[in-house]
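Overview (structure and organization)
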Amino acid sequence: MTSEASAPSVSVAQARELFFAQGRDPAPWIAPHISRSWQRSRPVDPHCIDPTPMAPSLLNERREQAMRLLSCAQPELDGLAEHAVGNGCIVALSDASGLILEEIGSPDFLPKAQRVALQPGVEWSESHRGTNAIGTALAERVALMVLGGEHYLAQNGRLGCAAAPIFNGRGELAGALDISGETARVNHHALGLVRMAAQQVEHRMLLAEASGHVLRFHARPALIGTAREGLMVIEGGRIVAANRVALDLFGRSWEGLLDLDAEEFLGAQWPRMEHRRSLLTLPGGRQIATVMERTGTANSGAGRTGARQVMAANAAPVDNDDVVRPLLARAVRVLNEGVPVLVNGETGSGKEVFSRRLHAASRRSAGPFVAVDCASLPETLIEAELFGYEEGAFTGARRKGMPGRIREAHGGVLFLDEIAEIPLALQTRLLRVLEGRVVTPLGGGQGVAVDFDLVCATHAGLPALVEAGRFRADLMYRVAGFTVALPALHERADRRALIARLFLESGGAAKHLCLENDALERLAAYRWPGNVRELRSVLRALVALADPGDAVTADALPAHLQDAAPLADFSEATLSQPNAPLQTITRHAIDEALRACDHDVARAARRLGVHRSTVYRHLARQRPPAGNTKD
């Protein structure tokens with residue numbers, strides 16, 4: 001009696017006998033997509049020899065052609081790698097032709113994969129390798145598995161593979177994601193993982209390539225801003241791109257949606273939805289929650305723009321208002337001349353988002369935006385992360401090495417966040433790369449020419465670090481060709497309008513909430529030590545705690561906001577003096593808050609809207625120096 005576990009292999013064996021030995025239709029014994037694929041694979045020699053990978057130079061050219069796909073898929077490759085290593089599998093990314101561009105995963109299975117040419121530089125289309133998960137997923141345009149003997153070539157009979165196609169916003173194939181391992185290791189869970197990962201890549205690619213207006217929407221407002229949201233790109237009044245989630249929500253195909261007049265499909269009110277959450281009533285009467293965003297505008301004299309970065313829904317926003325717009329306009333002009341830009345501002349003030357908008361409006365908008373958080377990388381890894389490494393450069397290195405983030409930024413913008421945190425020993429090497437535009441990986445190898453524009457960010461004062469010997473002066477002059485100083489939230493004259501807009505964008509509009517004036521004034525009066533990032537967190541909490549249709553008053557605010565003294569109340573007598581120095585005003589305000597709170601430091605800090613360390617530093621400065629006390 002045949003067990004359930006062995007039944008599929010028996011069926012496949014019967015199907016192979018019928019198809020390969022007798023030339024008969026195997027359809028009753030195997031899945032329909034396998035049967036169709038075998039028929040398409042007939043021109044392939046069942047006994048063909050596994051090919052050798054293409055030359056590294058040619059593979060590098062193909063990778064450069066697929067730069068957008070590679071950069072958008074890298075986070076998913078890294079995420080799937082954890083599953084692959086734990087299950088003895090590998091993860092592969094191919095382009096639209098089925099050529100494997102990248103491969104990572106279990107060190108135990110990688111040699112086995114290479115023995116059947118499942119490696120970068122080998123094309124796994126059906127026309128080259130017969131039925132296989134990558135080629136068949138591309139041919140069928142759906143996520144699927146090919147297990148064991150379902151592969152057309154007998155030498156692949158021990159492989160189990162699950163793959164999902166990746167589409168661009170116009171329904172054209174961009175590539176495929178694949179998990180492969182021994183047959184017993186690949187199952188429906190692996191198929192679900194690659195299907196979700198492909199959706200994430202599509203979401204990221206569509207936003208990166210969009211120009212014009214991007215409409216985010218979903219029947220469930222909470223899903224807006226996630227990879228499960230519908231995305232539609234409108235340019236020149238016509239729908240030019242959409243993701244598969246949008247097609248499912250509207251019950252349309254790409255052919256039935258693309259190039260339609262936006263007003264005809266979305267209604268005459270669609271242009272008024274920009275930068276706010278709202279409910280859109282479609283011509284048929286159906287309502288959906290939406291957010292409309294405008295992407296970066298094209299450079300003067302340019303035609304239709306290529307890639308455009310759209311502000312991430314969960315990032316601290318930089319408002320397109322009178323405060324930021326002139327800063328952005330000047331920074332774009334400077335960056336377009338090849339001059340590095342340094343963005344300076346307090347933590348949470350939106351330095352990375354400003355930099356992404358700068359990239360989107362610059363001459364390099366069609367290239368990648370490669371962000372490196374210098375503060376989050378261990379000192380032992382930052383050199384390899386930036387400059388890359390050759391195979392075997394150090395213990396734990398990837399088998400084929402890594403190009404490094406600087407090389408990945410070729411043709412685009414390299415963003416070094418918190419550049420002040422780069423170890424002093426590496427600053428010399430970074431300076432050489434910035435001056436010579438040639439990067440040499442760890443472990444030797446030939447230097448590679450790179451071409452990119454540079455944007456850096458820091459909350460620290462680089463001149464003070466130079467004076468303290470912690471930052472090279474020549475590197476500071478190199479990265480700070482033009483400095484943009486982003487204002488802290490409490491310094492922004494437009495903060496009331498910004499708070500009101502962010503309240504709506506944080507879910508207030510979707511829940512039909514009203515932010516009352518007393519709450520708005522209290523929010524605007526707070527000092528916000530965490531800036532826009534802190535503000536957004538508070539607004540999300542307010543929205544989450546409110547019931548649909550509520551009026552949100554000051555009573556709903558967190559306790560530390562209710563206790564905080566308004567900005568205008570700080571030392572009114574001192575502030576009224578026109579020549580009062582800022583230091584005097586600050587000291588007086590802290591002293592007043594301490595007296596009002598019975599010298600409770602925590603309460604005084606909450607009242608002022610500052611961190612407790614600020615109050616402690618003030619108290620420390622008031623103590624007499626050691627040795628100056630009298631007996």
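Residues numbered from 1 in each chain as written. Predicted model: local features only at pLDDT ≥ 70, side-chain atom pairs only at ≥ 80, totals over all residues. Heavy atoms only, no water.

**Quick notes on helix α7 (residues 133-140)**
The cut-off we apply is this: Residue burial is assigned from relative accessible area. The probe radius is 1.4 Å, only protein chains are included, and a residue is buried under 20% of its type maximum, exposed over 50%, and partly exposed in between. Only DSSP runs of H or I with at least four residues qualify as helices, and only runs of E with at least two residues qualify as strands; both kinds are numbered from the N terminus onward.
Where burial is concerned, most of α7 is hidden: 7 out of the 8 residues are buried. Note on α7: the residue one or two positions beyond its end, Arg141, has a positive phi of about 65°.

**Some words on the side chain of His218**
Note the cut-off: Residue contacts follow a heavy-atom distance rule, with two residues in contact if any of their heavy atoms lie within 4.5 Å.
Looking at where His218 falls in the secondary structure, it is placed in strand β6 (residues 213-218). Those residues within four positions of His218 in sequence are excluded, and the remaining contacts are Leu223, Ile224, Arg228, Glu229, Leu249, Ile288 and Ala289.

**As for the sheet that holds strand β16 (residues 453-458)**
Short version of the rule: Strand pairing follows a simple DSSP-based rule, namely that at least 2 bridges must link the two strands. Only the stretch in contact is used when fitting a helix axis, every axis being a line fitted to C-alpha atoms; angles between N-to-C directions are given from 0 to 180 degrees.
Across the sheet, 5 strands lie side by side as β12-β13-β16-β11-β17; this open sheet has parallel pairing. At either margin of the open sheet sits one strand with a lone partner, and together these are β12 (369-373) and β17 (482-485). With strand direction ignored, the average angle separating the axes of adjacent strands in the sheet is 20°. Bridge analysis of strand β11 (residues 341-344) against β16 gives 4 bridges, and the strand direction is parallel. Along β16, the bridge assignment pairs Val343 with Ala457.

**Overview of the nonpolar core**
Counted only if it meets this: Think of a nonpolar core as a cluster: buried Ala, Val, Leu, Ile, Met, Phe, Trp, Tyr and Cys residues, connected wherever their side-chain atoms sit within 4.5 Å.
If you look at the biggest cluster of nonpolar residues, it comprises 33 residues, and the most contacted ones within it are Ile166 and Leu177. The set of elements that each furnish at least two residues to this core consists of α4 (67-86), β1 (90-95), β2 (100-105), β4 (159-167), β5 (173-182) and α8 (188-209). Take this core: its biggest share by element is 9 residues, from α8. Apart from residues no more than four positions distant in its own chain, Ile166 is found in contact with Leu69, Leu93, Glu172, Leu173, Ala174, Gly175, Ala176, Leu177, Ala198, Val201, Glu202 and Met205.

**Re the pairing of β2**
Here β2 lies mainly inside the structure; 5 of its 6 residues are buried. When β1 meets β2, the two strands line up antiparallel, connected through 5 bridges. Bridging across to β2, Leu93 finds its partner in Glu102. Where β1 hands over to β2, the hairpin turn is made up of 4 residues, of which Gly98 adopts a positive phi near 95°.

**Description of the sheet that holds β1**
Strand order in this open sheet of 5 strands is β2-β1-β5-β4-β3, and the pairing throughout is antiparallel. Either end of the sheet is taken by a strand with one partner, and the two such strands are β2 and β3 (144-147). The average undirected angle you get between the axes of adjacent strands in this sheet is 20°. Along the sheet face, α4 touches β1, β2, β4 and β5 and points at about 160° away from the line of β1.

**Concerning the environment of Pro43**
Its location among the elements puts Pro43 in the loop between α2 (32-40) and α3 (56-65). Along the sequence, Pro43 and Glu126 sit 83 residues apart, while their C-alpha atoms lie 9.7 Å from each other.

**A closer look at the pattern of salt bridges**
We apply this condition: Here, a salt bridge means any Lys or Arg side-chain nitrogen found within 4 Å of an Asp or Glu carboxyl oxygen.
The tally for this structure, following the rule as stated, stands at 19 salt bridges. Between Asp453 and Arg364 there is a salt bridge, and its shortest N-O distance comes to 3.2 Å. Here Arg364 lies in the loop between α13 (351-360) and β12 and Asp453 lies in strand β16, a separation of 89 residues in the sequence. Under the relative-accessibility criterion, Asp453 is labelled buried at 3%. Close ionic contact of Asp474 with Arg472 constitutes a salt bridge, the shortest N to O distance being 2.6 Å. Owing to a relative accessible area of 33%, Asp474 belongs among the partly exposed residues under this scheme. Relative accessible area serves as the criterion here: at 28%, Arg472 is assigned to the partly exposed category. One continuous salt-bridge network, built from bridges that share partners, spans Arg36, Arg40, Glu126 and Glu140.

**Things to note about the packing of aromatic side chains**
What counts is decided by this rule: In this scheme Phe, Tyr and Trp rings, the latter by its six-membered ring, pair at centre separations within 6.5 Å, and the angle between planes marks the pair as stacked below 30 degrees, edge-to-face above 60, and tilted otherwise. By definition, being over a ring means that NZ of Lys or CZ of Arg is both within 6 Å of the ring centre and within 35 degrees of the ring normal.
Within the structure shown, the criterion is met by 10 aromatic pairs. Note on Phe19 and Tyr152: the rings are 6.5 Å apart at their centroids and 75° apart in plane angle, and the pair reads as edge-to-face. Pair noted here: Phe19 is in helix α1 (residues 7-21) and Tyr152 is in the loop between β3 and β4, with a separation of 133 residues, a long-range link. Ring centres of Phe217 and Phe250 lie 5.0 Å apart, and the angle between their planes is 45°; on these two criteria the pair is classed as tilted. Placement of Phe217 in strand β6 and of Phe250 in helix α9 (residues 244-250) is noted, with a sequence separation of 33 residues between them. Connected via pairs of aromatic rings, a cluster forms that spans Phe19, Phe20, Trp38 and Tyr152. Residue placement shows Arg129 over the ring face of Trp124; its charged tip is 4.7 Å from the ring centre. Taking NZ or CZ as reference, Arg429 lies 4.1 Å from the ring centre of Phe387, over its face.

**Some details on helix α19 (residues 495-508)**
Burial within α19 is extensive, with 10 of its 14 residues counted as buried. Among the residues making up α19, those that are buried are Arg495, Leu498, Ile499, Arg501, Leu502, Phe503, Glu505, Ser506, Gly507 and Gly508.

**Some words on the packing of helix α12 (residues 325-335) against α13**
Using the following cut-off: By the definition adopted for this analysis, an angle is roughly parallel if under 35 degrees, roughly antiparallel if over 145, roughly perpendicular if from 65 to 115, and oblique otherwise. Handedness of a helix crossing follows the sense of rotation of the near helix relative to the far helix, less than a right angle counterclockwise being left-handed and clockwise being right-handed.
It is at 10 Å that the axes of α12 and α13 come closest, and there the two elements cross at 55°. The angle between α12 and α13 places the two elements in the oblique class. Between α12 and α13 lies a crossing whose hand is right-handed. In this structure, α12 contributes Leu327, Leu328, Ala331, Val332 and Leu335 to the contact, and α13 contributes Phe354, Arg357 and Leu358.

**Section: the confidence of the model for the chain**
Keep this limit in mind: Here pLDDT means the predictor's own confidence in every residue, given as a number from 0 to 100.
Averaged over the chain, the pLDDT score is 80; the fraction of residues at 70 or greater is 82%. Mean pLDDT values over the elements of the chain span from 39, in helix α23 (residues 572-575), up to 97, in α7. Considering only residues more than four positions removed or in separate chains, one finds that residues 1-7, a stretch of pLDDT under 50, has 2 contacts. Counting contacts from residues 625-631, a segment whose pLDDT is below 50, to residues more than four positions away or on other chains yields 1 contact.

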